[in-house]
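So you can see what is in the structure, the chains are spelled out below.
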Amino acid sequence: MDQNTIDEGKTLGLVAYLTLFGTLIAYFMNQDKRNPFTAFHIRQALGLGFLYVIIGFFISYFDSWMITYSFWIFFSVLFFYGLFGAITGKLNKIPLLGDFFQKAFKSREQ
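Our subject in this report is the structure included herewith. (Residues numbered from 1 in each chain as written. Predicted model: local features only at pLDDT ≥ 70, side-chain atom pairs only at ≥ 80, totals over all residues. Heavy atoms only, no water.)

For the rest of this paragraph, the subject is the packing of aromatic side chains. A complete count under the given rule lists 12 aromatic pairs for this structure. Aromatic pair Tyr27 and Phe28: ring centres 5.1 Å apart, planes at 75 degrees, arrangement edge-to-face. Assessed through its relative accessible area of 36%, Tyr27 is described here as partly exposed. Between Phe101 and Phe105, the ring centres sit 6.5 Å apart and the planes meet at 40 degrees, which makes this aromatic pair tilted. Joined through ring pairs, the aromatic side chains of Tyr52, Phe71, Trp72, Phe74 and Phe75 make up one cluster. (Phe/Tyr/Trp six-rings, centres within 6.5 Å; stacked < 30°, edge-to-face > 60°. Buried < 20%, exposed > 50% of the residue type's maximum accessible area, 1.4 Å probe, protein only.)

Next up on the list: the pattern of salt bridges. All chains considered together, the criterion is met by 2 salt bridges. Here Glu8 and Lys33 are joined by a salt bridge, their closest N and O atoms 3.4 Å apart. Remark: Lys33 occurs in the loop between α2 (19-29) and α3 (36-59) and Glu8 occurs in helix α1 (residues 3-16); sequence separation between them is 25 residues. For Glu8, a relative accessible area of 43% corresponds to the partly exposed category. A salt bridge links Asp99 to Lys93, with the shortest nitrogen-to-oxygen separation between them at 2.5 Å. A relative accessible area of 43% means that Asp99 is categorised as partly exposed. (Salt bridge = Lys/Arg side-chain N within 4 Å of Asp/Glu carboxyl O. Helix = DSSP H or I, 4+ residues; strand = E, 2+ residues; numbered from the N terminus.)

Inspection of the secondary structure assignment puts Arg43 in helix α3. One buried charged residue, Arg43, remains without a salt bridge, the closest side chain of opposite sign being Asp99 at 9.8 Å. (Lys, Arg positive; Asp, Glu negative; His and termini not counted.)

Further remarks concern α3. In this model, α3 (24 residues) spans 34 Å end to end at C-alpha, consistent with the 34 Å of a helix rising 1.5 Å per residue. The N-terminus of α3 is capped by Asn35, whose side-chain oxygen sits 2.8 Å from the backbone nitrogen of Phe37. (Expected span 1.5 Å × (residues − 1). Polar contact = N/O pair within 3.5 Å; in protein donor to acceptor, adjacent residues only side chain to side chain.)

Our next topic: the packing of α1 against α3. In the contact formed by α1 and α3, the axes pass within 7 Å of each other and the chain directions differ by 20 degrees. With respect to α3, the axis of α1 lies roughly parallel. Crossing handedness for the pair α1 and α3: right-handed. Of α3, the residues touching α1 (which contributes Thr5, Ile6, Gly9, Lys10, Leu12, Gly13 and Ala16) are Pro36, Phe37, Thr38, His41, Ile42 and Ala45. In the contact of α1 with α3, the residues fall into 7 nonpolar, 5 polar and 1 charged. (Axes fitted to C-alpha atoms, helices over the stretch in contact; angles between N-to-C directions. Parallel < 35°, antiparallel > 145°, perpendicular 65-115°, else oblique. Left-handed = near helix turned anticlockwise from the far one by under 90°. Contact = heavy atoms within 4.5 Å. Nonpolar A, V, L, I, M, F, W, Y, C, P; charged D, E, K, R; others polar.)

In this structure, Ala16, Tyr17, Ala26, Leu48 and Ile94 are the most contacted members of the largest nonpolar core, which totals 15 residues. Elements represented by at least two residues in this core include exactly α1, α3 and α4 (65-88). Residue contributions to this core peak at 5 residues, all from α4. Ignoring anything within four residues of it in the chain, the contact list for Ala26 reads Leu12, Val15, Ala16 and Ile42. (Core = buried A, V, L, I, M, F, W, Y, C linked by side-chain atoms within 4.5 Å.)

A word on the environment of Asn92. With respect to the helices, strands and loops of the structure, Asn92 is situated in the loop between α4 and α5 (98-104). Classification of Asn92 by relative accessible area gives buried; the value is 16%. Not counting chain neighbours up to four residues away, the residues in contact with Asn92 comprise Phe40, Gln44, Tyr81 and Gly85.

So far we have only geometry, and geometry alone does not tell us how the molecule works.
Have a look at this one:
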C-alpha cells in the first residue's frame, strides 16, 4: 500500500473508531472511492464495536464495579490501539481477533 493511499484514508480510518455510528459513516463514505486503508480500519472498528456490545450485554448482569471497570479498560485499550494505528498510518490488527475481523467483514466485491 503506497503512502498516498494511506494519507487519503487516514481521516475515515480515524472516524471508524468513533462509536458504531462513526464506523457506519466511514463505511458509507468509503463506498464512492474505495480506499483499502480505510476499509481495513472499518473492519477492525466494526468487529470491536460488535464485540463490545455482545460482551457488554453479558457484563451488565454482574453487579461488580471491578468487572465493569476491567471491561471498560480492556476495550478502551483495544480502541486506542486501533485508533493509534489509523492516526500513524499503520495496519495494526487487533490482538487475537484482528484476522477474524478482517475475514468476517470482508466485502464480497473486493
